[in-house]
Amino acid sequence: MNVQSLKVLLIEDSPDDARLIDQMLKQVRPVSFDLVTVDRLEAGRAYLAHNTVDAVLLDLSLPDSQGLETLAGIQASAPTTAIVVLTGFDDYQLGIEAVNNGAQDCLVKGRVDGKLLSRAIVHSVERARSAQALRESESKFRSVIEQSVDGIVLIDEDGIIVEWNQAQERIVGIARADAVGRLIWDIQFQVTLEEQRTPAQYQALKQHYTAFLENGQPHLHDREIQRPTHEIRTIQTSVSPIRTNKGFMASIVTRDVTEQQQVQLALEEAYMFSQYTLDALSAHIAILDETGTIIAVNEAWRQFADANGLNDPTYGVGTNYLAVCDNAAGPWSEGAHEVADGIRKALADQDNELYLEYACHSPDEQRWFTVRLNSFDVNGVRRTVVVHYDIAERKLAEETLASERNLLRTLIDHMPDRIYAKDREGRFLIKNRSDAIKMGAATPEETVGKTDFDYYPPDLAARYQADDQMVIQSGQALVNREEPALAAGGSGYWILTTKVPLRNSQNEIIGLVGVGRDITERKHAQERIDKLHAEIDTLYAISKQLGQTLNLETIYNTVHAAVTGHMSCDGLYISSYTPEDRLIRCVWAWGDGRHLDASQFPPIPLADDGQGNQSQVIRTGEALYLPDYQARLDAAQTLYVVRSDGSVTGRDTASQEENLPRTVLFVPLKLENRVLGVIQVFSYQLDAYSEGDRHFLRGLAPQVAAAVANALLFEQTQHEVAERERAEKALRELNDILEQRIAARTAEFQESEARYRAIVEDQTELICRSTADGIVTFVNDAYCRFYGMSREDCIGHGFDPYIFEEDLTRWTKEYNVLTPVNPVVTIEHRALGADGKVHWMQWTNRLIMDGTGKIIEVQGVGRDITRQKKSEEVLRQALAREMEVNEMRSRFISMASHDLRTPLAIIQASMDLFSQYGDRLSEERKRSGYKEVDKAIQQMVALLDNILTIGRVEAGKLEMEPEPINLKAFCQSLITELKTSLGTSHHLNLGVAGECDRLWLDPKLLRHIITNLVSNAIKYSPPGCAVEIHINCTPDQVLLSVEDFGIGIPTDEQEHLFETFFRASNTGDTPGNGLGLAIVRQSVELHGGSITFESRPGEGTTFFVVLPCIPLEERFDEDDSGR
Amino acid sequence: MKTILVVDDERTLRVNLCEMLTFEGFKVIEAENGAVAIRAARLNSPDMVICDVAMPEMDGFEVLMRLKADATTAALPVLLLTAQAEKASMQHGLEIGAADYILKPFIFSDVLAKVRACLGQ
């Protein structure tokens, strides 16, 4: 302390004492005192109020104040100034008290010298200044402690709390007043969590602090406390030692970290959440910092890295991803470069989002990825998330889809059917090549977006549009509609159309799909069949008409109407031939649309062989077709030609005319092998008549012949009746005169009557008349013969025809039509004849009425039309059968071609191999090659054998040549042979019963039977299956059965199984030719045996063969007996 | 060395043909059915295919169409091998993209000539 000068205030009421002190202080060195003296307390206080002094010398006994009061008065005015109390000798005790009350020193007046006084003042000033500094320092520290946000506690060496600041009050919830002076472990136990407040815990706390107070080891810990208000907080406590003479004190700093810890927990949770979320994502994710360095990756990223063998334990964290992308090289590096560019833009905040698809194929896998970038700022720092998605599966699916679509497109394009799809407005969406070309487009693509109106005439397009709309509006498919269509060249054809609504995944109709099949060929075939049917119907109708008339002119007109209605006809002539005079007479003529007078044409004598067209027809009884008649005229000895006006000329003059008959068809009118005449039809066109036309006229001719014969007979009868009437009249006139001749004339009548009856009786038609009440009045012989009844059985009895039940409904319906308004009805039905056979009969029933319209009788005329019916049926069946056989034959040819060419190809290839490369082949290879050739030859031989056998079967040349055989040995050897040659894994089990050693059978046929049945069983059952073959020989017959457990035979096809070339629909790709079972059946039948089978599709088939058989011994016995 | 994929379900014929082609200096891959053939064509990138028409399950025409429908095999020349003598059937083969066809039975020198024509030799 640099004390040069001290300012001192002396308060002393005794002037002597004051002067003495002043003089003492003036003599003191080195310190100089500037002394101010006052004599009253108030004066001192007044001075101090305006001046600062270093020390006050104070006499406690002043006139205005006594004792300690005086001290207090000065202390109030100058609290930090040093005070030295002056007392008298007898007041020293008071001076001690003053020191105890804050005075720095106490001197006894009269006992001090200047030196002592000076030292006392200087020391007091120093003490006062130290105390002041200490007070200021303490105040400062206290302020710090009180201001601290942390709780601060001081404990002394015994563990007693001496300081407890406000923050501590707040944190722990215990007031300073309640804490100071208590043991620290008591207070800590008080705020221990309620459930932990146990004696043991108390001891632990106490021990903890006791130990600390001994060793002074600083420590830090976190713990939870429970405030007296029961609130639980987390606090962090730091305990530090303060060394003292006695040991250690402690300062305990406490911080409430409850919120901080909650925030920390929340932070940790958020971090875990984001990490788990990232790891749970299937995308490969990396997060980059502002330089592009990877700062975090997810699990998918790590797995991808592992899977690619990167062996980087950091998984790229810390690596600069930009550099990785920039350095990428190789075929798929373009994607990486694009990613790098995108990241740079994102980092520069130019473009915060990037989406990119790229290929990144590995050597053994095709891979595609998408990459997506998203940038964001955290506290002003840029972060970028890089997300890679593996889209290989989607890409592969897309590529497969494209490939499938392409395949589908190729298939559709190569379908012969027309296939297309349209939208709701009829615009083409897709179309195959076949359809595009058919409608005149160059390519299917060209048609997309166009409609039918762009390609078809408006009316046709409108019709298609109407169909389309119907399908689209109704949702109903249009299936298999046959309709005429127009091809691009304008030619017409027939098409089978199916249109089906096209729906999207919501099942809404968005258009339609159409399929069109060209059925022109089928249609034409159908037309031909229809025409044939029409022809049969026409012939039938005509035959009916002809059967109902006995008038020649009506017959001819009917013929004319039928012919001109059916075929092109410029002229029609009918001539008759009478063998008695060998003359051909024209009886009916028609040309150029009008009737001609047939009587103008002179009769022609029947010419010699090879001359005259009509003569040739009459001689041979065969039709004659001259497609170029004029050329024929030169060769044939034609006598005259009828011109179109009906006039007759020689043939030389006719040749220049325009309307010349160029095609002529002659057909004989034949009845029971007798030619009655000729129908002649001509046309001005060359080769005008088709096979159908000729067929029609040939079919018509016998009907005409029969009708003409009937009419001629009737005419003759009419003629005779008229003659009789004339005779009767003459008889009556001559009755009187010529009575004697009555008997003779009567005889003549009877003869005539008999002849008439004979004519009726000789009719082949059945005639029956009955009254309106149904009583039979007449039947002819034909009727009686047919039904096997006598005339007496019929006449006078009820007319009660037996009608088959199948025909009864129709018969009743048609018979009831018979009324006076409709007096003629023709009914067909079946009848049982006396011969025991069922005949088809055609009855023409007619009502016979008198002049008043009253029904007298019903007349029925019946014809046997069984043959006609049968021929119609035979015709139909033959047509169907022929089509079926053609189909089977073409299938067979295709199969045989393949089955022969394949072994041939093996043989040829083996030949080439041996001849050209034989020197390079091992002996072993050559041997196997020869075996293969041998096997191929065996295959061909087997097929050829089958074909030859079936050929012999069809020609009826397969014969039975029996010889004695041992059936058991035969079968064993054959089965062994089959197993070897077919190389099969099937188990062939042979069971034999009875005496089979010596039988009389044809081994060749037997071989056909067993080989075919067993090889079929093997072919049509899975490998490894059993095939059971059983033979049972009884004295009369051999029973052979072959059972397999294979695919079986579809039930509805079983009836065709033994037909030549037939193959069941479930045989699929299994090789075969449809001959085997046909041969088997024939072989069985040649033995006089029978074959049957039982089959269930999917379960198996068993064939049963029964061969009648005579054991050898018996056969020889019989031979012996016959000798 | 050119590689030829030979497809025929008839083993003997396929083996003979492969042997002769091997003697002529070709590398040969065999396939006994259509499905195997298509897989082999994709994996082994042969220079051409000789394929039988009449095979069970997938016939030669379908094999051809599938090869043509796949971009990786569409350009392969395909020589069809057939026992079906009908012209129409062969015309169909050519229309759907066969390079040529050979009728069974065949002489190997003819096959060789057509193979070389297909490979542009």
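Residues numbered from 1 in each chain as written. Chains lettered and ligands numbered in written order. Predicted model: local features only at pLDDT ≥ 70, side-chain atom pairs only at ≥ 80, totals over all residues. Heavy atoms only, no water.

J.: What's the story with the overall build of chain B in this structure? I'm lost.
T.: For chain B, the count of helices and strands is 5 helices and 5 strands. Across chain B, helices and strands are ordered from the amino to the carboxyl terminus as β-α-β-α-β-α-β-α-β-α. A burial count over chain B gives 53% of its 121 residues as buried. Put simply, of all contacts in chain B between residues at least 6 apart along the chain, 61% involve residues at least 24 apart. (Helix = DSSP H or I, 4+ residues; strand = E, 2+ residues; numbered from the N terminus. Buried < 20%, exposed > 50% of the residue type's maximum accessible area, 1.4 Å probe, protein only. Contact = heavy atoms within 4.5 Å.)

J.: When you look at the overall build of chain A in this model, what are you seeing that I'm missing?
T.: Counting its regular elements, chain A contains 32 helices and 41 strands. Buried residues in chain A amount to 41% of all 1123 residues. For chain A, contacts bridging at least 24 residues in sequence account for 53% of all contacts bridging at least 6.

J.: How should the environment of Leu-676 of chain A be read in this particular structure?
T.: All names here are of chain A. By the secondary structure assignment, Leu-676 is in strand E29 (residues 674–683). On the basis of relative accessible area, Leu-676 is assigned to the buried category, the value being 16%. Through-space distance from the C-alpha of Leu-676 to that of Ser-575 is 8.5 Å; in sequence the pair is 101 residues apart. Excluding anything up to four places from it in sequence, Leu-676 contacts Ser-575, Ser-576, Tyr-577, Leu-669, Leu-671, Ala-705 and Ala-709.

J.: Is there a simple way to explain the interface of chain A and chain B in this structure?
T.: At the interface, 24 residues of chain A touch 27 residues of chain B. Summed over both sides, the interface between chain A and chain B buries roughly 2500 Å², with carbon and sulfur atoms accounting for 63% of that surface. Applying the counting criterion to the chain A and chain B interface returns 1 salt bridge. Sorting the residues of the side of chain A that touches chain B by element identifies helix H14 (392–413), helix H27 (866–917) and helix H28 (923–954) of chain A as the ones contributing at least two each. Here the element with the most residues in the side of chain A that touches chain B is H27 of chain A; it accounts for 14 residues. Classifying every residue of the side of chain A that touches chain B gives 9 nonpolar, 9 polar and 6 charged. (Buried area = accessible area lost by both parts, 1.4 Å probe. Salt bridge = Lys/Arg side-chain N within 4 Å of Asp/Glu carboxyl O. Nonpolar A, V, L, I, M, F, W, Y, C, P; charged D, E, K, R; others polar.)

J.: What is the right way to read helix H16 (residues 458–474) of chain A from this model?
T.: One full turn of an α-helix is made of 3.6 residues, so residues set three or four places apart face in the same direction. Residues and elements named next belong to chain A. For H16, which comprises 17 residues, the first-to-last C-alpha distance of 24 Å matches the rise-based estimate of 24 Å (1.5 Å per residue) to within 8%. The complete set of buried residues in H16 reads Leu-460, Ala-461, Tyr-464, Asp-467, Asp-468, Val-471 and Ile-472. One side of H16 holds all its buried residues, which, seen down the axis, span an arc of 130 degrees. Set apart from the buried face of H16 by more than 90 degrees, the exposed residues are Pro-458, Asp-459 and Gln-473. Summarising the contacts, the buried residues of H16 are in contact with strand E16 (418–423), strand E18 (478–486), strand E19 (492–503) and strand E20 (509–518). (Expected span 1.5 Å × (residues − 1). Arc of directions from axis to C-beta.)

J.: Teacher, can you tell me more about a nonpolar patch on the surface here?
T.: Residue and element names in this part refer to chain A. Together, Tyr-271, Met-272 and Tyr-276 line one region of the surface with nonpolar side chains, adding up to about 380 Å² of accessible area. Summarising the element assignment, Tyr-271 is placed in helix H10 (residues 258–280). Accessibility expressed as a relative area gives 54% for Tyr-271, which makes it exposed. (Patch = residues over 30% accessible without salt bridge, like charges linked within 9 Å, V, L, I, M, F, W, Y side chains within 5 Å. Areas by Shrake-Rupley, 256 points an atom, 1.4 Å probe, with all protein chains shown as cover.)

J.: How should the state of the cysteines be read in this particular structure?
T.: A covalent bond between the sulfur atoms of two cysteines is what we call a disulfide. All names here are of chain A. According to the stated counting rule, one finds 1 disulfide over all chains in the structure shown. The disulfide bridge from Cys-996 ends at Cys-1033, spanning 2.1 Å between sulfur atoms. Handedness here is read from the sign of the S-S torsion; for Cys-996 and Cys-1033, about 115 degrees, the answer is right-handed. Here Cys-1033 lies in strand E38 (residues 1026–1033) and Cys-996 lies in the loop between strand E36 (987–994) and strand E37 (999–1001), a separation of 37 residues in the sequence. Judged by its relative accessible area of 1%, Cys-996 is buried. The buried category is assigned to Cys-1033, whose relative accessible area is 7%. (Disulfide = S-S within 2.5 Å.)

J.: Just checking my understanding: could you explain the sheet that holds strand E41 (residues 1100–1108) of chain A for this structure?
T.: Sheets are built from strands that pair by backbone hydrogen bonding, the pairs being arranged parallel or antiparallel. Residue and element names in this part refer to chain A. Here we have 5 strands laid out as an open sheet, ordered E36-E38-E39-E41-E40, and mixed in their pairing. Since the sheet does not close on itself, it has two edges, and those belong to E36 and strand E40 (1090–1096), each with one partner. With direction set aside, neighbouring strand axes in the sheet form an average angle of 10 degrees. Docked against the sheet, helix H30 (residues 1003–1019) engages E36, E38, strand E39 (1037–1044) and E41, running at close to 20 degrees with respect to E39. (Pairing = 2+ DSSP bridges. Axes fitted to C-alpha atoms, helices over the stretch in contact; angles between N-to-C directions.)

J.: Is there a simple way to think about the sheet that holds strand E11 (residues 284–288) of chain A in this case?
T.: Residue and element names in this part refer to chain A. Strand order in this open sheet of 5 strands is E12-E11-E15-E14-E13, and the pairing throughout is antiparallel. Two strands bound the open sheet, and with one partner strand each, they are strand E12 (294–297) and strand E13 (353–359). Neighbouring strand axes in the sheet, compared pairwise and without regard to direction, differ in orientation by 20 degrees on average. Relative to E13, helix H13 (residues 333–347) is tilted by about 175 degrees, and along the sheet it contacts E11, E13, strand E14 (368–378) and strand E15 (381–390).

J.: Please clarify how the packing of helix H1 (residues 11–23) of chain B against helix H5 (residues 108–118) of chain B should be interpreted in this entry.
T.: Packed helices, taken two at a time, are described by the angle between their axes plus the distance between the axes. All names here are of chain B. Look at H1 against H5: their axes get within 11 Å of each other, and the N-to-C directions meet at 60 degrees. Crossing of H1 against H5: the hand is right-handed. Contacts between H1 and H5 involve Leu-17, Met-20 and Leu-21 from the first element and Phe-108, Val-111 and Leu-112 from the second. (Left-handed = near helix turned anticlockwise from the far one by under 90°.)

J.: I'm lost on the environment of Phe-804 of chain A in this one. Help?
T.: Positionally, Phe-804 of chain A belongs in the loop between helix H25 (791–794) and helix H26 (805–815). As a C-alpha pair, Phe-804 of chain A and Val-838 of chain A span 34 residues in sequence and 9.8 Å in three-dimensional space.

J.: Sorry if this is basic, but what is going on with helix H11 (residues 299–307) of chain A here?
T.: Residue and element names in this part refer to chain A. Inspection of H11 places Ala-300, Trp-301, Arg-302 and Ala-305 among the buried residues, and these make up the whole buried set. For H11, the secondary structure elements touched by its buried residues are H10, E11, E12, helix H12 (321–326) and E15. Directly after H11, the chain includes Gly-309, whose backbone phi takes a positive value near 65 degrees.

J.: Would you mind going over the pairing of strand E30 (residues 766–771) of chain A with me for this structure?
T.: Side chains on a regular strand alternate between the two faces of the sheet. Residues and elements named next belong to chain A. As paired elements, E30 and strand E34 (residues 855–864) share 6 bridges and run antiparallel to each other. Across the sheet, residue Cys-768 finds its bridge partner in E34, namely Gly-860. Across 3 bridges, E30 lies against strand E31 (residues 776–779) in antiparallel orientation. Residue pairing in the sheet places Cys-768 in a bridge with Val-779 of E31. Adjacent in sequence and paired antiparallel, E30 and E31 are bridged by 4 residues, among which Gly-774 carries a positive phi angle near 95 degrees.

J.: Would you mind showing me how to read the nonpolar core here?
T.: A general trend in soluble globular proteins is that nonpolar side chains are found buried together. Residue and element names in this part refer to chain A. Ranked by internal contacts, the top residues of the largest apolar core, which has 51 residues, are Leu-967, Leu-1006 and Phe-1103. Of the residues forming this core, the biggest block, 8 residues, is contributed by H30. Contact partners of Phe-1103, with chain neighbours within four places excluded, come to Leu-1013, Leu-1040, Ser-1041, Val-1042, Ile-1049, Leu-1057, Phe-1058, Leu-1077, Ile-1091, Thr-1092 and Phe-1093. In terms of nonpolar packing, the next biggest core, distinct from the first, is built from 33 residues, Leu-572, Tyr-625, Val-708 and Ala-709 among them. (Core = buried A, V, L, I, M, F, W, Y, C linked by side-chain atoms within 4.5 Å.)

J.: Would you mind showing me how to read the side chain of Asn-845 of chain A here?
T.: All names here are of chain A. Within the secondary structure, Asn-845 is located in strand E33 (residues 838–849). Exposure remark for Asn-845: the relative accessible area of 8% places this residue in the buried category. Beyond its immediate chain neighbours, meaning those up to four positions away, Asn-845 contacts Tyr-815, Leu-818, Pro-823, Val-824, Val-825, Ile-827, Gln-859 and Gly-860.

J.: I keep staring at the packing of aromatic side chains and nothing clicks. Help me out?
T.: Describing an aromatic ring pair means giving the distance of the ring centres and the angle of the ring planes. Residue and element names in this part refer to chain A. Following the criterion strictly, the structure yields 20 aromatic pairs over all chains and no others. Here a set of aromatic residues connected by ring pairs shows up, and it is made of Tyr-573, Phe-601, Phe-682 and Tyr-684. Here Lys-523 stacks its cationic end above the ring of Trp-494, 4.3 Å away from the centre of that ring. The ring of Trp-840 has Lys-869 lying over it, and the distance from NZ or CZ to the ring centre is 4.5 Å. (Phe/Tyr/Trp six-rings, centres within 6.5 Å; stacked < 30°, edge-to-face > 60°. Lys NZ or Arg CZ within 6 Å of the ring centre and 35° of its normal.)

J.: Sorry if this is basic, but what is going on with unusual backbone geometry here?
T.: The phi angle of most residues is negative, glycine excepted, and most peptide bonds adopt the trans form. Residues Lys-104 of chain B and Pro-105 of chain B are joined by a peptide bond in cis, for which omega reads -5 degrees. Not every positive phi belongs to a glycine, and Glu-672 of chain A is a case in point at roughly 50 degrees. Considering the arrangement of structural elements, one finds Glu-672 of chain A in the loop between strand E28 (663–671) and E29.

J.: Any chance you could explain the confidence of the model for chain A here in plain terms?
T.: In low-pLDDT segments, the atomic positions of the prediction should not be examined closely. Looking at chain A, pLDDT values average 84 and 93% of them are 70 or higher. Note on residues 1118–1123 of chain A: pLDDT under 50 across the span, and 0 contacts to partners over four residues away in sequence or across chains. (pLDDT = per-residue confidence, 0-100.)

J.: It is not clear to me how the packing of H14 of chain A against helix H3 (residues 60–69) of chain B should be interpreted in this structure. Could you clarify?
T.: One way to put it is that H14 of chain A packs onto H3 of chain B with a least axis distance of 9 Å and a crossing angle of 130 degrees. In terms of their interaxial angle, H14 of chain A and H3 of chain B are classed as oblique. In the packing of H14 of chain A onto H3 of chain B, the handedness of the crossing is right-handed. Listed contacts from H3 of chain B to Asn-406, Leu-407, Thr-410 and Leu-411 of chain A of H14 of chain A are Met-65, Arg-66 and Ala-69 of chain B. Looking at the contact of H14 of chain A with H3 of chain B residue by residue, the class counts come to 4 nonpolar, 2 polar and 1 charged. (Parallel < 35°, antiparallel > 145°, perpendicular 65-115°, else oblique.)

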